[in-house]
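Each chain, written out:
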Amino acid sequence: MPDDIQREIDRAAEIIAGATYCVALVGAGLSVESGIPPFRGAGGLWTKHGEPPMDGYRKLLGDPAAYWQTMLARRESSDEFVRAIDAAQPNPAHHALARLEQIGRLRHTITQNIDNLHFVAGSKSVTEIHGNRTKLRCIACGARWPFEEFVITELPPPCPRCGGVVKGDTVMFGEPIPEAALRACYEQSERADVILIAGTSASVVPAAWFPQLVLERGGTLVEVNTEPTPFSPACAAVLRGPAGELLPVLVKCVEEVLGVHG
């Protein structure tokens, strides 16, 4: 490990080890390292194929049955994204975050990803801003269910709790971020004295609001990213490189600082 990177890792490890309440904000960079293509940028699905309709949520509300027919057909399709996300497995960055939570240094993860890989890796305390592709959600009461456990006898299926419209949990264009998820993100950010930014540009709201909240309350930022973000100048430690390579090293150093083994 180059000396300059090791110094940043050591500094970050001391900060996280000494944190009272550390929260992570992660994004598409972690999914990309698991083989899931990004939506935007070089090689992005939307860059190659065009963005989905901006009025998707409005169309859902107008014709839920048509939405369900399209969604079920896509789940059975073999397009590039479906194949990639079905095959994806957690990478070392996911496992490192789960380990950091296990040893009590990471209290919560706010993720912009929909792939469920944080939970597969073993993380327990996670808020998914944009939902989870393996789940369904009622847009009226906010109830959520694993897709495979939800009994569908008609299209569209009504919410068994309130009779409202049920849709895939992932947030569509034009759809508000679910109130419960947004509230949890604010609550976690207001408690945090350290926020670990990993695999995200941290430039798209609402995700970009959370590091700013921590800064405004006098908290500390640590970044693990391949490229600079708007928060890089304010970070106490910046680890420049892939999260899958650097997070496991960082967590190992945190364990050394704490004297944790196994």
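Residues numbered from 1 in each chain as written. Predicted model: local features only at pLDDT ≥ 70, side-chain atom pairs only at ≥ 80, totals over all residues. Heavy atoms only, no water.

**Student:** Is there a simple way to explain the overall build of the protein chain in this structure?
**Tutor:** Of regular secondary structure, the protein chain possesses 11 helices and 9 strands. For the protein chain, whose C-alpha radius of gyration is 19 Å, the value lies close to the compact-globule estimate of 18 Å for 262 residues. On the principal axes, the C-alpha backbone points of the protein chain span a range of 60 × 35 × 35 Å. Across the 262 residues that make up the protein chain, the buried fraction comes to 48%. Within the protein chain, contacts between residues at least 6 apart in sequence are counted, and of these 67% link residues at least 24 apart. As displayed, the protein chain offers around 12,500 Å² of accessible surface, 53% of which is attributable to carbon and sulfur atoms. Charge centroids of the protein chain, computed over 24 positive and 31 negative side chains, lie 3 Å from each other. (Helix = DSSP H or I, 4+ residues; strand = E, 2+ residues; numbered from the N terminus. Rg over C-alpha atoms; globule rule 2.2 N^0.38 Å. Buried < 20%, exposed > 50% of the residue type's maximum accessible area, 1.4 Å probe, protein only. Contact = heavy atoms within 4.5 Å. Areas by Shrake-Rupley, 256 points an atom, 1.4 Å probe, with all protein chains shown as cover. Lys, Arg positive; Asp, Glu negative; His and termini not counted. Charge placed at Lys NZ, Arg CZ, Asp CG, Glu CD.)

**Student:** How should I be thinking about helix α1 (residues 3–17) in this particular structure?
**Tutor:** With 15 residues, α1 should reach 21 Å at 1.5 Å per residue; the first-to-last C-alpha distance of 21 Å fits that figure. Looking at α1, one finds that the buried residues are Glu 8, Ile 9, Ala 12, Ala 13, Ile 15, Ile 16 and Ala 17. (Expected span 1.5 Å × (residues − 1).)

**Student:** How do you make sense of the sheet that holds strand β7 (residues 194–198) when you look at a structure like this?
**Tutor:** The strands that make up a sheet are held in pairs by hydrogen bonds between backbone atoms, and each pair lies either parallel or antiparallel. Here 6 strands make up an open sheet; going across it, the order is β3-β2-β1-β7-β8-β9 and the pairing parallel. Of all strands in the sheet, those bounded by a partner on one side alone are β3 (126–128) and β9 (237–240). For this sheet, the mean inter-axis angle between neighbouring strands, taken without regard to orientation, is 15°. Across the sheet, α1 lies against β1 (22–26), β7, β8 (220–225) and β9, angled at about 130° from β9, the strand it touches most. Against the sheet, helix α9 (residues 179–191) engages β1, β2 (108–111) and β3, with an angle of about 135° to β3. (Pairing = 2+ DSSP bridges. Axes fitted to C-alpha atoms, helices over the stretch in contact; angles between N-to-C directions.)

**Student:** Can you walk me through the pattern of salt bridges in this structure?
**Tutor:** Side-chain pairs of opposite charge can arise whenever the charged atoms involved come near each other. In the structure shown here, the tally under the stated rule is 12 salt bridges. The residue Arg 58 makes a salt bridge to Asp 55 at a minimum N-O spacing of 2.7 Å. What you see here is one network of salt bridges that share partners, running through Glu 128, Arg 137, Arg 144, Lys 167, Asp 169 and Glu 175. (Salt bridge = Lys/Arg side-chain N within 4 Å of Asp/Glu carboxyl O.)

**Student:** Could you clarify how one ought to interpret the environment of Ala 207 in this entry?
**Tutor:** Position of Ala 207 among the secondary structure elements: in the loop between β7 and α10 (209–216). On the accessibility criterion, Ala 207 (2% relative accessible area) is buried. C-alpha of Ala 207 to C-alpha of Gln 112: the two residues are 95 residues apart in sequence and 7.5 Å apart in space. Contacts of Ala 207, omitting those with residues within four sequence positions, involve Leu 25, Gln 112 and Ile 129.

**Student:** Quick question: what am I supposed to make of the packing of aromatic side chains here?
**Tutor:** Aromatic ring pairs: the centre-centre distance and the angle between the two ring planes describe each pair. With the rule as written, the count across this model stands at 5 aromatic pairs. Residues Trp 68 and Phe 147 carry aromatic rings whose centres are separated by 6.3 Å and whose planes lie at 40° to one another, so their mutual orientation is tilted. Of this pair, Trp 68 sits in helix α5 (residues 64–75) while Phe 147 sits in the loop between β5 (144–146) and β6 (166–168); the two residues are 79 residues apart in sequence, bridging distant segments of the chain. In terms of burial, Trp 68 and Phe 147 fall into one category: buried. Plain terms: the ring middles of Tyr 186 and Phe 210 are 5.6 Å apart, the flat faces sit at 90° to each other, and that makes the pair edge-to-face. Of the two residues, Tyr 186 sits in helix α9 while Phe 210 sits in helix α10, which places them 24 residues apart along the sequence. For Phe 210, a relative accessible area of 0% corresponds to the buried category. These aromatic residues form a ring-pair network of at least three members: Tyr 67, Trp 68 and Phe 147. If you follow Lys 135 out to its NZ or CZ, it ends over the ring of Phe 119, 5.4 Å from the centre. (Phe/Tyr/Trp six-rings, centres within 6.5 Å; stacked < 30°, edge-to-face > 60°. Lys NZ or Arg CZ within 6 Å of the ring centre and 35° of its normal.)

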